[in-house]
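Understanding the architecture of this molecule
Each chain, written out:
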Amino acid sequence: MSKDYNIEDLLYLMNRLRDPEKGCPWDIKQTFDSILPHTLEEAYEVADAIERKDYDHLKDELGDLLFQVIFYAQMGKEASHFDFSDIVSNLVAKLVRRHPHVFPDGTLQSELGEGESISEAEIKQNWERIKAEERALKAKKDALLALESTRRESSFRSVLDDIPTNLPSLARAEKLQKRAAHYAFDWPSIEPVFDKIQEELDELKEALAHPESDAPMQQKHIMEEMGDVLFCCVNLARFIKVNSDTALRATNQKFINRFQFIEKALHQQGKVLGEVTLDELDELWDEAKGSFQTPLKRSI
């Protein structure tokens, strides 16, 4: 029977892997920057396992994601930035602070009294207040650091500054829009959002129809217009309370299902993908759409 390991064993393992003399050469040479792409990949693999409802696999993927945190903690400890206990302590303190409806006295052991409750409106109000206080505190700390290091000419800080630049583009667009909307910079209703999408589509069409003399500059202009279209689509998704990344991931899977339907159909016919006409592919695509329609769509 295998031993049941705990978090202390994992921390010990990580320390061994990074041992300069007896550790793993690959683990030893890693840095925060080199590990980052692996962290993003592991996060997406967690999402994939959840979407497939593959909970046995999810257990492994969550372990891989946890290992990323352990890796950063070890490197932070080696550089005297922070260690795993600092990460845990900061996390617990932040969650206690952000949930006064669960920890009313601001301590981990505090509870609401018998019969006491807090409404959802109060919870939301408290959340916005706490987040605003945290942003203000972070801005103050950053301003002090900037002043001490003389790396910035002023203490100006935008309300958008703390939105991570390494987020996936769709997620970052949504966070930027939500932050701006919190400060009343938002569309009054959904109709202007549709109008804006059409406006951006028209501008993209115009950019494609009227090439400038400098081809690289024109391609840059086309890319910018395409970005505007995507940004507006994220805005629409936000308005209708749909997560744009989740929606696109579902559509990606739908495309995979339909395309694989075509591949299998061609295989059964003894044909090879790439050697059939577009008309044949279109016909099979329509069959695939019919095969993978939801019951609701079939009833319409």
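Going by the structure above, here's the rest.
Presented here is a report on the structure given in the accompanying data block. (Residues numbered from 1 in each chain as written. Predicted model: local features only at pLDDT ≥ 70, side-chain atom pairs only at ≥ 80, totals over all residues. Heavy atoms only, no water.)

So, about the environment of histidine 99. Position of histidine 99 among the secondary structure elements: in the loop between α5 (84-98) and α6 (120-149). Taking the C-alpha atoms as reference points, histidine 99 and isoleucine 130, separated by 31 residues in sequence, lie 9.3 Å from one another. (Helix = DSSP H or I, 4+ residues; strand = E, 2+ residues; numbered from the N terminus.)

On the surface, Asp279, Asp282, Glu283, Asp286 and Glu287 cluster together into a patch of negative charge. Topologically, aspartate 282 is positioned in helix α11 (residues 278-291). What makes aspartate 282 partly exposed here is its relative accessible area of 40%. (Patch = residues over 30% accessible without salt bridge, like charges linked within 9 Å, V, L, I, M, F, W, Y side chains within 5 Å. Areas by Shrake-Rupley, 256 points an atom, 1.4 Å probe, with all protein chains shown as cover. Salt bridge = Lys/Arg side-chain N within 4 Å of Asp/Glu carboxyl O. Lys, Arg positive; Asp, Glu negative; His and termini not counted. Charge placed at Lys NZ, Arg CZ, Asp CG, Glu CD. Buried < 20%, exposed > 50% of the residue type's maximum accessible area, 1.4 Å probe, protein only.)

As a further point, take a nonpolar patch on the surface. A grouping of Ile7, Leu66 and Val69 is seen on the molecular surface, where their side chains present a nonpolar patch of about 190 Å² in accessible area. On the basis of relative accessible area, leucine 66 is assigned to the partly exposed category, the value being 34%.

Moving on to the packing of helix α8 (residues 191-209) against helix α9 (residues 215-239). Packed helices, taken two at a time, are described by their axes: the angle between them and the distance between them. Running from N to C, α8 and α9 cross one another at 165°; their axes reach a closest spacing of 9 Å. Comparing the axis directions of α8 and α9 gives the class roughly antiparallel. For the crossing formed where α8 meets α9, the hand is left-handed. Taking contact as the criterion, the partners of Val193, Phe194, Lys196, Ile197, Glu200, Leu201, Glu203, Leu204, Ala207 and Leu208 in α8 are, on α9, Gln218, His221, Ile222, Glu225, Met226, Asp228, Val229, Cys232, Cys233, Asn235, Leu236 and Phe239. Here the contact of α8 with α9 is built from residues that sort into 14 nonpolar, 3 polar and 5 charged. (Axes fitted to C-alpha atoms, helices over the stretch in contact; angles between N-to-C directions. Parallel < 35°, antiparallel > 145°, perpendicular 65-115°, else oblique. Left-handed = near helix turned anticlockwise from the far one by under 90°. Contact = heavy atoms within 4.5 Å. Nonpolar A, V, L, I, M, F, W, Y, C, P; charged D, E, K, R; others polar.)

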